Amino acid sequence: MAGKRDYFGLGYILSVILAIIPVTSWILGFMTRFLEGKIIAGIVRIFFGFNIIWICDIISMILRKKILRLIPI
């Protein structure tokens, strides 16, 4: 997982910029989770990814360099 990057393998700087923009963070967040095969996590991001999860994603991208993964299923 060390080589894995979020938001379709984009670089860190571009991923942080996309995470800061609410609409792109919401869309790319649930698309990433669906592509990982995490259907329930993707559905949760559709309904809640535009508020609390968005702020947590920004913090997580800056500190851990990956999006927040609340639900591993």
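Use the structure listed above.
What counts as what
- Residues numbered from 1 in each chain as written.
- Predicted model: local features only at pLDDT ≥ 70, side-chain atom pairs only at ≥ 80, totals over all residues.
- Heavy atoms only, no water.
- Phe/Tyr/Trp six-rings, centres within 6.5 Å; stacked < 30°, edge-to-face > 60°.
- Helix = DSSP H or I, 4+ residues; strand = E, 2+ residues; numbered from the N terminus.
- Buried < 20%, exposed > 50% of the residue type's maximum accessible area, 1.4 Å probe, protein only.
- Lys NZ or Arg CZ within 6 Å of the ring centre and 35° of its normal.
- Expected span 1.5 Å × (residues − 1).
- Contact = heavy atoms within 4.5 Å.
- Salt bridge = Lys/Arg side-chain N within 4 Å of Asp/Glu carboxyl O.

Draft legend 1. Here's a closer look at the packing of aromatic side chains. One pass over the full model with this rule turns up 3 aromatic pairs. Here Phe30 and Phe34 contribute two aromatic rings whose centre-to-centre distance is 6.2 Å and whose plane-to-plane angle is 80°, an arrangement assigned as edge-to-face. Linking Phe30 with Phe34, this pair stays in helix α3 (residues 22–35), spanning 4 residues, or about one helical turn. Note on Phe34: relative accessible area 28%, which makes it partly exposed. An aromatic cluster is built from Trp26, Phe30, Phe34 and Phe50, whose rings are joined through pairwise contacts. Directly above the aromatic system of Tyr12 lies the positively charged group of Lys65, at a separation of 5.0 Å from the ring centroid.

Draft legend 2. Region of the structure containing α3. Helix length check: α3, at 14 residues, gives a terminal C-alpha distance of 20 Å against a target of 20 Å (1.5 Å per residue), a fit within 8%. Buried within α3 are the following residues: Ser25, Leu28, Gly29, Phe30, Thr32 and Arg33. Next to the buried residues of α3 lie α1 (6–9), α2 (12–20), α4 (39–48) and α5 (52–64). One or two steps after α3, the chain reaches Gly37, where phi turns positive at roughly 85°.

Draft legend 3. Region of interest: the pattern of salt bridges. The full count for this structure, using the stated rule, is 3 salt bridges. Two residues, Arg69 and Glu36, come together in a salt bridge whose shortest N-O distance is 2.4 Å. Linking Arg69 in the segment after α5 with Glu36 in the loop between α3 and α4, this pair joins segments that are 33 residues apart in sequence. Accessibility expressed as a relative area gives 24% for Glu36, which makes it partly exposed. Of the charged contacts in the structure, one is a salt bridge between Arg45 and Asp57, with a shortest N-O distance of 2.8 Å. Here Arg45, found in helix α4, pairs with Asp57, found in helix α5; they are 12 residues apart in sequence, far enough to count as distant. Here the two residues Arg45 and Asp57 agree in accessibility, since each one is buried. What emerges from the salt-bridge pattern is a single network uniting Arg33, Glu36 and Arg69.

Shape is all these values report; function is a separate question.
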